[in-house]
Amino acid sequence: MSDEFYLRYYVGHQGMFGHEFLEFEFRGDGRLRYANDSNYKNDVMIRKEAWVSQSVVAELKRIVDDSEITREDDYHWPTANRNGRQELEIISGGDHISFVTTKIGSLLDVQASKDPEGLRVFYYLVQDIKCLVFSLIGLHFRVKPI
């Protein structure tokens, strides 16, 4: 079994202010990369890079494993559209999974999908990971990510 670990999340859309997105990735060696771009009110892209401890990486792996996201399939999830797209890619323990779906506004969007149980797992996992990333970025850089 491989100890390799990688996680990447992207959410974005093409709107009246151009390509607006949030993206972050974790690597098994503790490297965290973060990017947030919005041209609203002429904002500039925020790019940050930090190194986290192996205990943070282990906690992220635990969150992913506990979610059981590897049992899910995005085949019946809403496809990316003009409202935007979300991507989640995970490499862990020899498994490589990738999910793509549209932006999810609320749990009502999850309930209305063809696979509400699977999409709910994705939705809550993404919420948990985003909370972790925003906390880490805030602690490292004292910036508000959104």
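Residues numbered from 1 in each chain as written. Predicted model: local features only at pLDDT ≥ 70, side-chain atom pairs only at ≥ 80, totals over all residues. Heavy atoms only, no water.

(A) Structural context of the overall build of the chain. Tallying secondary structure elements over the chain gives three helices and six strands in all. Put simply, the chain runs from its N terminus to its C terminus through helices and strands in the order β-β-β-β-α-β-β-α-α. Computed over its C-alpha atoms, the radius of gyration of the chain comes to 15 Å, within 12% of the 15 Å expected for a compact globule of 146 residues. Here the C-alpha coordinates of the chain stretch approximately 45 × 40 × 20 Å along the principal axes. Going through the 146 residues of the chain one by one, you find that 42% of them count as buried. (Helix = DSSP H or I, 4+ residues; strand = E, 2+ residues; numbered from the N terminus. Rg over C-alpha atoms; globule rule 2.2 N^0.38 Å. Buried < 20%, exposed > 50% of the residue type's maximum accessible area, 1.4 Å probe, protein only.)

(B) Up close: the nonpolar core. Of all hydrophobic cores here, the largest spans 32 residues; its most connected members are Leu7, Phe24, Phe26 and Phe122. Elements represented by at least two residues in this core include exactly β1 (5–15), β2 (18–27), β3 (31–37), α1 (54–67), β5 (85–92), β6 (95–101) and α3 (116–141). Here the element with the most residues in this core is α3; it accounts for ten residues. (Core = buried A, V, L, I, M, F, W, Y, C linked by side-chain atoms within 4.5 Å.)

(C) Quick peek at the pairing of β2. For β2, the buried fraction is high: seven of the ten residues fall into the buried class. The sheet contact formed by β1 and β2 spans ten bridges and is antiparallel. Pairing of Leu7 across the sheet is with Phe26, part of β2. Bridging between β2 and β3 involves six bridges; their strand directions are antiparallel. Residue pairing across strands places Glu23 opposite Ala35, the latter belonging to β3. Linking β2 to β3, which pair antiparallel, is a turn of three residues; within it Gly30 sits at a positive phi near 100°. (Pairing = 2+ DSSP bridges.)

(D) A look at unusual backbone geometry. Its identity is not glycine, yet Glu68 carries a phi of approximately 60°, on the positive side. Its location among the elements puts Glu68 in the loop between α1 and β5.

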